[in-house]
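As a plain string of letters, each chain reads:
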Amino acid sequence: MNYKLLDNILEMEGYVPGEQPQGGDYVKLNTNENPYPPSTAVYEAIAEEFRRLRLYPQPMSNPLREAAAEILGFDREWILAGNGSDDLLMMFAQAFLSEERFACAPVPTYTLYRTLAQIQNSKLIEVPFAEGYELPAAELQASGAVLAFLANPNSPTGTMVPPDKIADFARAFPGFVLLDEAYADFADANCLHLVKEYANIGVMRTFSKSYALAGLRVGLLFARPEFIEQLAKVKDSYNLDRLAIVGAAAALRDRDHFNEITSLIKGTRGLLTEELTKRGFDVLPSQSNFVMVKAPEPPGAKAVYLGLKERKVLVRYFEQEMPDHLRITVGTDVEVEALLTQLDEVLKGGK
Ligand SMILES: *Cc1c(COP(=O)(O)O)cnc(C)c1O
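Once a new chain begins, its residue numbering starts again from 1 and follows that chain's sequence as written. Selection of residues for local features in this predicted model requires a pLDDT of at least 70, selection of side-chain atom pairs for listing and counting requires 80 or more, and totals for whole chains, interfaces and linings are taken over all residues. Only heavy atoms go into the side-chain values, all of them from the structure, while hydrogens and water stay out.

Chemist: Residues and numbers for unusual backbone geometry, please.
Modeler: The omega torsion of the bond from E297 to P298 falls at -5°, within 30 degrees of zero and hence cis. Along the chain, P298 turns up in the loop between strand 10 (290–294) and helix 12 (301–310). Following P298, the chain continues to P299 via a peptide bond in cis, the omega torsion being 5°. Counting from the N terminus, the helices are the DSSP runs of H or I reaching at least four residues and the strands are the DSSP runs of E reaching at least two. Take P299: it is sitting in the loop between strand 10 and helix 12. In this model, S61 sits at a positive phi of 60°, which is unusual for a non-glycine residue. Inspection of the secondary structure assignment puts S61 in the loop between helix 2 (40–49) and helix 3 (62–72). Residue class for S61 comes out buried when judged on its relative accessible area of 1%. Positioned with a positive phi, N121 is a non-glycine residue whose angle comes to about 60°. Only protein chains enter the accessibility calculation, which uses a 1.4 Å probe; a residue is then buried when its area is under 20% of its type maximum, exposed when over 50%, and partly exposed in between.

Dropping the structure here:
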């Protein structure tokens, strides 16, 4: 078989998303989706927009940029919308990376960064986090990379590097620092203000977690207007559809709903942390909508993952990156109860 595909494509593995079972009645705590429904304003905006689907969307997603500018305190020229933050990440890979130029990231982290580098026939220099999941700043700075991917709060660990440490890093890093703040709305601090201070910082947000819109596919990048203008050259011409543009704008404007569901999740996170600790799990301090836990041994993380799955509770197991740990999304209180009930069975060794 010879399709004349590029060698780097033939050799790469491809990104493996978390399991998305269709049906099967799982308590789904494996891909950090929001357990609550999105704002009802989203449904209304989408229903209204339906009648305009005949027409192409606004190419820069301006109605959404304007809502984001208003709510988050930027001019719209500082904002670029993506079809999920994964689309923005792809634009970064296309605009920065080639066979001679590479990216770096502290690991373990979001494995899509590596996949995107490989698509460009580039690579990701992976530097292990320092003790206590602190940033391995010196090694990243010395890596020669033109782009640093920093998920902050990080996934899969849930840990966070404080903004002053990020600022120190950006001052010394010779390339562009992309802060992937997918989980920032669950954290005590964030780095959005650094965009205004540092020309080499971009901050990315997603609607997939805190706005409960993973299925709509919307992300935003905040950076200097002259940078946004360059990056926009590589985007798909109509990268967000009409429904996504108005739906995300409506979600942003409903602050009450956003505040309600994010506080519920932060509350349940505390409860989940406490209950897992009681059961012998070591819980990493979480600034996100999931907890990363070291499982007691026996039975060990893999056995707990498999036992829970058999009992229709899905959590995430990273066999390569963190084989002693499990990542558990913060669900509703009812889902967390179900998890704990099934977990007690697994820990007892019962069937
Ligand atoms: C969930 C997640 C994203 C979100 O991606 P979308 O494409 O916006 O759904 C981005 N980065 C990290 C680290 C994530 O965990």
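Chemist: Go over the site of the ligand, please, and point to the residues and values.
Modeler: Near the ligand you find G84, S85, D86, Y110, D180, A182, Y183, T206, S208, K209 and R217, and these make up its full shell. At 2.6 Å from a nitrogen atom of the ligand is found a side-chain nitrogen or oxygen belonging to D180. One of the side-chain N or O atoms of R217 is found 2.6 Å from an oxygen atom in the ligand. The site holding the ligand turns out to be the largest pocket. Classifying every residue of the shell around the ligand gives three nonpolar, four polar and four charged. The near set for a molecule or strand comprises every residue that places at least one heavy atom within 4 Å of it. Whenever a nitrogen or oxygen atom comes within 3.5 Å of another N or O atom, the pair is scored as a polar contact, on the condition that within protein one atom can donate a hydrogen and the other can accept it, and that pairs from neighbouring residues in sequence are kept only if both atoms are in side chains. Buriedness of a pocket was judged along seven lines, with at least five required to meet protein on both sides within 12 Å; pockets are open sets of points on a 1 Å grid over the protein atoms alone, cavities are sets where a 1.4 Å probe fits but cannot get out, and lining residues have an atom within 4 Å of a point. For this analysis, a molecule is said to be in a pocket or cavity if more than half of its atoms are within 2 Å of the grid points defining it. Each residue is assigned to one of three groups, with Ala, Val, Leu, Ile, Met, Phe, Trp, Tyr, Cys and Pro labelled nonpolar, Asp, Glu, Lys and Arg labelled charged, and all others, Gly among them, labelled polar.

Chemist: Give a description of the domain arrangement of the protein chain that names residues and reports values.
Modeler: Start and end points for every domain follow an automatic or database-based domain assignment. Here the domain parsing of the protein chain yields domain 1 (21–37 + 256–347) and domain 2 (40–254). Inter-centroid distance (C-alpha atoms) of domain 1 to domain 2 is 26 Å. Contacts between the two partners involve 26 residues from domain 1 and, on the opposite side, 26 residues from domain 2. Two parts placed together each lose some accessible area; with a 1.4 Å probe, that loss summed over both constitutes the buried area. The largest contributions to the domain 1 side of the interface with domain 2 come from F258, Q287 and E321, which together make up 30% of the buried area. A pair is scored as a salt bridge if a Lys or Arg side-chain nitrogen falls within 4 Å of a carboxyl oxygen belonging to Asp or Glu. The interface formed by domain 1 and domain 2 contains zero salt bridges. Summed over the shared surface of domain 1 and domain 2, the result is nine residue pairs in polar contact (both at pLDDT 80 or more). Counting only elements with at least two residues in the side of domain 1 that touches domain 2, the list comes to helix 11 (255–278) and strand 10. With eight residues, the top contributor of residues to the side of domain 1 that touches domain 2 is helix 11. It only takes one pair of heavy atoms within 4.5 Å for two residues to be counted as in contact.

Chemist: Any chance you could break down the pattern of salt bridges for me, citing the residues and the numbers?
Modeler: This model, assessed by the stated rule, comprises 19 salt bridges. A salt bridge links R76 to E77, with the shortest nitrogen-to-oxygen separation between them at 3.8 Å. Classification of R76 by relative accessible area gives partly exposed; the value is 29%. Note that E345 and K348 form a salt bridge whose closest N and O atoms lie 3.2 Å from each other. Separated by three residues within a single helix, E345 and K348 lie in helix 13 (residues 333–348), roughly one turn from each other.

Chemist: Could you give an account of helix 3, with specific residues and numbers?
Modeler: When helix 3 is considered as a whole, its buried residues turn out to be N62, L64, R65, A67, A68 and A69. Buried residues along helix 3 sit in contact with strand 2 (79–82), strand 8 (219–222), helix 9 (225–231) and helix 10 (242–253).

Chemist: Describe the side chain of E181, naming the residues involved and giving the relevant values.
Modeler: With respect to the secondary-structure elements, E181 resides in the loop between strand 6 (176–180) and helix 8 (194–197). There is a polar contact of 2.8 Å between the side chain of E181 and the side chain of R205. Ignoring any residue separated from it by four or fewer positions in sequence, one finds E181 in contact with N152, N190, C191, L192, V203, M204 and R205.

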